[in-house]
Amino acid sequence: MKFKSKLKRYIFGKVESFKNLKKSKKSGVIFSVISILSFQICALVSLSASLSFSQILADLKFPAGFVNLNLDVYEPENLFVQIPYEINNVGMFSLTDIETSVKLSVNYLNMSNSVNITSVFFSKSSRLPDVTPFSVYSGFFEGGQPYFDELALIDMYNYSGIFEPKFFKMNFSFSATYYFGLIKFSYSLRQVSI
């Protein structure tokens, strides 16, 4: 009798463990399928983010038109620069923490000693608002007298010839974060003629 009851319990236990095994196999299969699908979705979203990110860099326009530059050193309060820009966010995620920096320089020949001079006469950094997905943000990067080096401009006027060419150049840097702050990038343009 004891042997029969032990055998029944043993067989019942094995049947129950087999049923639980079937259930755990089903849940394991379901978990595996969900894991594979979520991995594929994340991979596709990441791929899409990187492709749209490269398009954002291609569509960044700085300057996006004519640069307005007033270099009147006789009335320094009128010193002014205005540079149009356009940021086209074709991606699915916002561009955040956007910071820009602009330096303007002039290259000229010093007539007193025939030395080629390059001097920075404007420098400013600025933070721009976030750009939402599928939108275009355009505006003007502006700066007045506090951002100018008046001595560099006065030297340019005093030591360069009236008919000697002056070459104005711009150094521009742009940094932002993308894809929930996971992609941080910076972009620079050096010695762009304006």
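J.: Just to check I follow, could you spell out the pattern of salt bridges for this structure?
T.: If charged atoms from side chains of opposite charge come close, those side chains can pair. Counted by the stated rule, this structure contains 3 salt bridges. Between Glu86 and Lys61 there is a salt bridge, with the nearest N and O atoms lying 3.6 Å from each other. With Glu86 in strand E2 (residues 80-89) and Lys61 in the loop between helix H1 (2-58) and strand E1 (68-70), this pair connects stretches of sequence that are 25 residues apart. Overall, Glu86 belongs to the partly exposed group, its relative accessible area being 24%. Put simply, Arg127 and Glu99 hold a salt bridge, and the shortest N to O gap is 3.3 Å. One end of the pair, Arg127, is in strand E4 (residues 115-128); the other, Glu99, is in strand E3 (residues 96-110), and 28 residues separate them in sequence. On the basis of relative accessible area, Glu99 is assigned to the partly exposed category, the value being 40%.

J.: How should the sheet that holds E2 be read in this particular structure?
T.: Working definition: the strands of a sheet are paired by backbone hydrogen bonds and lie parallel or antiparallel to each other. What the 3 strands build is an open sheet, ordered E1-E2-E5; its pairing is antiparallel. Only two strands of the sheet have a single partner each, and these edge strands are E1 and strand E5 (135-143). On average, each strand axis in the sheet is tilted by 20° relative to the strand beside it, whichever way the strands run. In terms of strand pairing, E1 meets E2 through 3 bridges, oriented antiparallel. Within the sheet, the bridge partner assigned to Asn68 lies in E2 and is Gln82.

J.: I keep staring at the packing of aromatic side chains and nothing clicks. Help me out?
T.: Centre-to-centre distance and the angle between the planes together describe a pair of aromatic rings. If you walk through the whole model with that rule in mind, you get 11 aromatic pairs. Note on Phe62 and Tyr85: the rings are 5.9 Å apart at their centroids and 20° apart in plane angle, and the pair reads as stacked. Of the two residues, Phe62 is situated in the loop between H1 and E1 and Tyr85 in strand E2; the sequence distance between them amounts to 23 residues. Of the residues examined, Phe62 reaches a relative accessible area of 8% and is grouped as buried. By relative accessible area, which is 5% here, Tyr85 ends up buried. When the centroid spacing of 6.1 Å and the interplanar angle of 75° are considered together, the rings of Phe62 and Phe141 count as edge-to-face. Here Phe62 is found in the loop between H1 and E1, whereas its partner Phe141 is found in strand E5, with 79 residues between them in sequence. Relative accessible area serves as the criterion here: at 2%, Phe141 is assigned to the buried category. A network of ring pairs unites the aromatic residues Phe62, Tyr85, Tyr137, Phe141, Phe172, Phe174 and Phe185 as a single cluster. Here the guanidinium or amino end of Lys124 rests over the ring plane of Phe141, the centre of that ring lying 5.5 Å away.

J.: Even after reading the chapter, I still don't get the sheet that holds E3, so can you show me in this structure?
T.: Read across the sheet, 4 strands follow the order E4-E3-E6-E7 without closing on themselves; strand pairing throughout is antiparallel. Where the open sheet ends on each side, the last strands, each with one partner, are E4 and strand E7 (183-193). This sheet shows a mean twist of 10° between the axes of neighbouring strands, independent of strand direction. Across 9 bridges, the pairing between strand E6 (residues 167-178) and E7 is antiparallel. Of the residues in E7, the one forming a bridge with Phe174 is Tyr187.

Thresholds, definitions, all that
- Residues numbered from 1 in each chain as written.
- Predicted model: local features only at pLDDT ≥ 70, side-chain atom pairs only at ≥ 80, totals over all residues.
- Heavy atoms only, no water.
- Salt bridge = Lys/Arg side-chain N within 4 Å of Asp/Glu carboxyl O.
- Helix = DSSP H or I, 4+ residues; strand = E, 2+ residues; numbered from the N terminus.
- Buried < 20%, exposed > 50% of the residue type's maximum accessible area, 1.4 Å probe, protein only.
- Pairing = 2+ DSSP bridges.
- Axes fitted to C-alpha atoms, helices over the stretch in contact; angles between N-to-C directions.
- Phe/Tyr/Trp six-rings, centres within 6.5 Å; stacked < 30°, edge-to-face > 60°.
- Lys NZ or Arg CZ within 6 Å of the ring centre and 35° of its normal.

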